[in-house]
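Residue strings, one per chain:
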Amino acid sequence: MEPAQHLDRDAPRALLDVEHSALGRRWVGPGPPEIRLAEATAQATGLPEPLCRTLARRGVRPEDAERFLAPALRDLLPDPSTLRDMDRAAERFLAAAERGERIAIFADYDVDGGASAALLICWLRQMGRPATLYIPDRIDEGYGPNAPAMRKLAAGHDLIVCVDCGTLSHDAIAAAEGAEVIVLDHHLGGETLPPALAVVNPNRQDEDSALGHLCAAGVVFLMLVAVNRLMRGKGRTGPDLIGFLDLVALATVADVAPLIGVNRALVRQGLAVMARRGRPGLRALSDVARLDTAPASYHLGFLLGPRVNAGGRIGQADLGARLLATDDEAEAAALAQRLDALNTERREIEARVREAALAQAEARGLDAPLVWAAEPGWHPGVVGIVASRLKEATNRPAVVIGFEGDEGKGSGRSVPGVDLGAAVQRLASEGLLVKGGGHRMAAGLTVMRDKLDAAMARLSELLAKQGAGATGPHDLRLEGLLMTPAVTVELIAQLEKAGPFGAGAPAPRFALPAQRVLFAKRAGETHLRLTFGDDGGGRLDAIAFGAFEGPLGPMLEAHAGARFHVAGRLEIDSWGGRNRPKLRLEDAAPA
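Described in the following lines is the structure provided in the data block.

**Regarding the overall build of the chain**
Of the regular secondary structure elements, the chain holds 20 helices and 18 strands. By the compact-globule yardstick of 25 Å for 591 residues, the chain fits well, its C-alpha radius of gyration being 24 Å. For the C-alpha atoms alone, the extent of the chain along its principal axes is close to 75 × 60 × 45 Å. Put simply, the chain has 591 residues, and 55% of those count as buried. Counting contacts in the chain only where the partners sit at least 6 residues apart, residues at least 24 apart contribute 64% of the total.

**Points about the sheet that holds strand 3 (residues 132–134)**
Across a sheet, strands are paired by hydrogen bonds formed along the backbone, either parallel or antiparallel in direction. Taken in spatial order, the 5 strands of this open sheet run 3-2-4-5-6, and their pairing is parallel. Two strands bound the open sheet, and with one partner strand each, they are strand 3 and strand 6 (198–200). Geometrically, the sheet is characterised by an average inter-axis angle of 15 degrees between neighbouring strands, direction not taken into account. Two elements, strand 2 (residues 103–107) and strand 4 (residues 159–163), share 5 bridges in a ladder whose sense is parallel.

**So, the packing of aromatic side chains**
Applying the stated criterion across every chain yields a total of 3 aromatic pairs. Summarising the aromatic geometry, the rings of phenylalanine 106 and tyrosine 134 are spaced 5.2 Å apart at their centres and angled 25 degrees between planes, so their arrangement reads as stacked. Remark: tyrosine 134 occurs in strand 3 and phenylalanine 106 occurs in strand 2; sequence separation between them is 28 residues. For phenylalanine 106, a relative accessible area of 0% translates into the label buried. Sitting above the plane of the phenylalanine 68 ring, arginine 264 keeps its charged end 3.8 Å from the centroid.

**As for the pairing of strand 16 (residues 539–544)**
Pairing between strand 15 (residues 527–533) and strand 16: 6 bridges, direction antiparallel. Bridge pairing links glycine 533 to arginine 539 in strand 16. Between strand 15 and strand 16, which pair antiparallel in sequence order, lie 5 residues; one of them, glycine 537, sits at a positive phi of approximately 90 degrees. Looking at chain direction, strand 16 and strand 18 (residues 580–590) are connected through 3 bridges and run parallel. Bridge pairing links alanine 542 to leucine 583 in strand 18.

**Focus on the sheet that holds strand 8 (residues 398–404)**
An order of 7-8-9-11-10 is seen for the 5 strands of this open sheet, with the pairing classed as mixed. The open sheet is flanked by strand 7 (371–376) and strand 10 (435–438), the only strands paired with a single partner. Ignoring which end each strand starts from, the neighbouring axes of this sheet average 15 degrees apart. Bridge count for strand 10 against strand 11 (residues 442–448) is 4 bridges, and the pairing is antiparallel. Counted as the bridge partner of glycine 438 is alanine 443 from strand 11. Against the sheet, helix 17 (residues 420–429) touches strand 9 (407–413), strand 10 and strand 11, its axis set at about 160 degrees to strand 10.

**Section: the environment of aspartate 453**
Here aspartate 453 shows up in helix 18 (residues 452–465). Exposure remark for aspartate 453: the relative accessible area of 55% places this residue in the exposed category. Considered as a pair, aspartate 453 and leucine 432 are 21 residues apart in the sequence and their alpha carbons are 9.8 Å apart.

**What to know about the state of the cysteines**
Counted under the stated rule, the structure contains 0 disulfides. Cysteine 215 carries a free sulfur, and the closest cysteine sulfur to it, the one in cysteine 165, is 14 Å from it.

**Looking at the pattern of salt bridges**
Oppositely charged side chains can pair when the atoms bearing their charge come close. Taken as a whole and judged by the stated rule, the model has 39 salt bridges. Of the charged contacts, one joins glutamate 19 and arginine 26 as a salt bridge, the two residues approaching to 2.8 Å between their closest N and O atoms. Using a relative accessible area of 40% as the deciding quantity, one classes glutamate 19 as partly exposed. With a shortest N-O distance of 3.2 Å, arginine 57 and glutamate 34 are connected by a salt bridge.

**Things to note about the pairing of strand 2**
Across the 5 residues that make up strand 2, a large majority, 5, are buried. Neither face of strand 2 is exposed, since Ile103, Ile105 and Ala107 on one face and Ala104 and Phe106 on the opposite face are all buried. Each parallel crossover has a hand, and for strand 2 linked through helix 6 (residues 111–126) to strand 3 it is right-handed.

**Structural notes on the layout of surface pockets**
Quantified by volume, the second largest pocket comes out at close to 250 Å³. Lining the second largest pocket are 14 residues, and of these Asp64, Arg67, Phe68, Pro71 and Leu76 lie nearest its centre. Within the residue set of the lining of the second largest pocket, elements represented by two or more residues are helix 3 (65–69) and helix 4 (73–76). Broken down by element, the residue count for the lining of the second largest pocket peaks at 3 residues, all from helix 4. Here the residues of the lining of the second largest pocket are counted per class, giving 6 nonpolar, 2 polar and 6 charged.

**Some remarks on the environment of aspartate 206**
Among the structural elements, aspartate 206 can be located in the loop between strand 6 and helix 9 (216–233). On the accessibility criterion, aspartate 206 (35% relative accessible area) is partly exposed. Between the C-alpha atoms of aspartate 206 and leucine 481, which are 275 residues apart in sequence, the distance is 46 Å. Within the local environment of aspartate 206, its side chain forms a polar contact with the side chain of arginine 204, the two groups lying 2.7 Å apart.

**Notes on unusual backbone geometry**
A cis geometry characterises the amide bond from glycine 499 onward to proline 500, with omega recorded as 5 degrees. With respect to the element layout, proline 500 can be found in the loop between helix 19 (489–496) and strand 14 (509–523). We note that aspartate 85 has phi near 70 degrees; this positive angle belongs to a residue other than glycine. Despite not being glycine, alanine 514 shows a phi value in the positive range, around 50 degrees. Looking at where alanine 514 falls in the secondary structure, it is placed in strand 14.

**Quick notes on the packing of helix 5 (residues 86–99) against helix 6**
Look at helix 5 against helix 6: their axes get within 11 Å of each other, and the N-to-C directions meet at 40 degrees. With respect to helix 6, the element helix 5 is oriented oblique. The chirality of how helix 5 crosses helix 6 is right-handed. Where helix 5 approaches helix 6, its residues Phe93, Leu94 and Ala97 are matched on the opposing element by Leu120, Trp123 and Leu124. A per-class count over the contact of helix 5 with helix 6 returns 6 nonpolar, no polar and no charged.

**Some details on the nonpolar core**
Within the largest apolar cluster, 101 residues are counted, with the highest numbers of intra-cluster contacts made by Phe93, Trp123, Met223 and Leu224. The biggest single contributor to this core is helix 9, with 11 residues. Residues contacting methionine 223, with those up to four places away along its chain left out, are Met86, Ala89, Ala90, Phe93, Leu120 and Leu184. Counting 34 residues, the second largest nonpolar core, distinct from the first, contains Ala22, Leu528, Leu530 and Phe548.

About the thresholds
Residues numbered from 1 in each chain as written. Predicted model: local features only at pLDDT ≥ 70, side-chain atom pairs only at ≥ 80, totals over all residues. Heavy atoms only, no water. Helix = DSSP H or I, 4+ residues; strand = E, 2+ residues; numbered from the N terminus. Rg over C-alpha atoms; globule rule 2.2 N^0.38 Å. Buried < 20%, exposed > 50% of the residue type's maximum accessible area, 1.4 Å probe, protein only. Contact = heavy atoms within 4.5 Å. Pairing = 2+ DSSP bridges. Axes fitted to C-alpha atoms, helices over the stretch in contact; angles between N-to-C directions. Phe/Tyr/Trp six-rings, centres within 6.5 Å; stacked < 30°, edge-to-face > 60°. Lys NZ or Arg CZ within 6 Å of the ring centre and 35° of its normal. Disulfide = S-S within 2.5 Å. Salt bridge = Lys/Arg side-chain N within 4 Å of Asp/Glu carboxyl O. Right-handed = clockwise from strand over helix to strand, strands pointing away. 1 Å grid on protein atoms, 1.4 Å probe; cavity = no way out; pocket = protein on both sides within 12 Å on 5 of 7 lines; lining within 4 Å. Points joined across faces, edges and corners; volume = space filled by probe spheres on them. Nonpolar A, V, L, I, M, F, W, Y, C, P; charged D, E, K, R; others polar. Polar contact = N/O pair within 3.5 Å; in protein donor to acceptor, adjacent residues only side chain to side chain. Parallel < 35°, antiparallel > 145°, perpendicular 65-115°, else oblique. Left-handed = near helix turned anticlockwise from the far one by under 90°. Core = buried A, V, L, I, M, F, W, Y, C linked by side-chain atoms within 4.5 Å.

See the structure below:
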């Protein structure tokens, strides 16, 4: 596709004068306020200038730098009781556990739902209590509680806990006659709440907390904190919750929750717990994914998360939750192998749908506020991933829909500053969708074929009012310039202290000017391994993932001795037991 030109003539001068890179981006460095803040932080703390630039980009003041670099869960964890219905939910859940009541857990089929269910199952197991796990089939039942399933669970259980779902499930929860229902969720709520005993959700319309960035597993974790607190009040000790943070970290990253506030501390501590490899399911999954270094948020989002999700996408819906909850080594190994195979199959299906969806979206035009594609037969388990790819390629909210007959099930992904979930919920209330909901960055919907065009036109209109589509290809924001000799393992280790990095907290990216390509070789079909060098004899290895899916790979492979400005994220390569600096190359431009 032909990238749009940058239209802001009043914008500051581009970094290294790169107005139009290989990927059609304008390189943007820090503005004067950020530079001044970084300089002040460096003077006050003695921290390396590149780290201070990273902190300045986050808006961290010099006096807060030390606390930011070492986020303590005890300082950032909120009082669970600030959430509405939390005390009621915690008291009822503890009472059910103490009395040996029959408890069922109804969970969504994604990583957040599976991790949320595993948190409850593991807590109950340590209390000597069993629980029934129920995860609906994505195709046959769809998202969230449904009346037949809830009616069946209610017939054999005293308490049903819905995790990562349920906030909009009025009829399904009403069908659970004979059982009480607790909802632990984070999706946007409607004007009314379902008839549950408790609905704990930081995104309820009547919620006044500042915890809307929590994923469902974060909400579940807070409830377990409240439950343990109740136990301490009775002179008893509950399970050690620190050991559960690996599940919270996985869910937070995989659900693309912003890594701000308490989420930073949850993920930071959760990664440390995961590195101890104490959970059989995550240990087995790490082994099949060939994760041989200490886990980082990248590994959660791109190695482990997709494999946990694979069961819910194209296989058996409960595989991921069972893997995360099991304490049996043999079962963990078998489930990990199965999920790894399903993930390979998922990638093949996704590639076919992605190619067709991009072609359809390009034919429709990529400069509207919304990019969308719909087709009969597209697997509903991959439409969300494909929507994410379209969003990344166009810097616009994207929706991809697969039809079966006249009914289409779709998924959408948004860009920062555009609340897709609220817009989709508005469409549902206007009757253009059968149902729909979600949160700011992601949403799901069901639409009938005869309302497809009207629904997408209305959605585009709603998103345009939020500013979607107002810009060209997104600028590549960089923390500044680095010379090759300055890129050391020690510097990268310092930069990592500003993490974890992910949604809402992008990793710092730097530009290295006027590099010569000393080595370039394809890795697989789409990746490119490189070694760059400068005139002073400095060298830096690099990897460009997916380089041959666009113009970046061909340009660098056919370098013919030319020099390039290169940009990307710095990381430590520990291959072979020796640490070396490495550039994860994201863009380049002729020098």
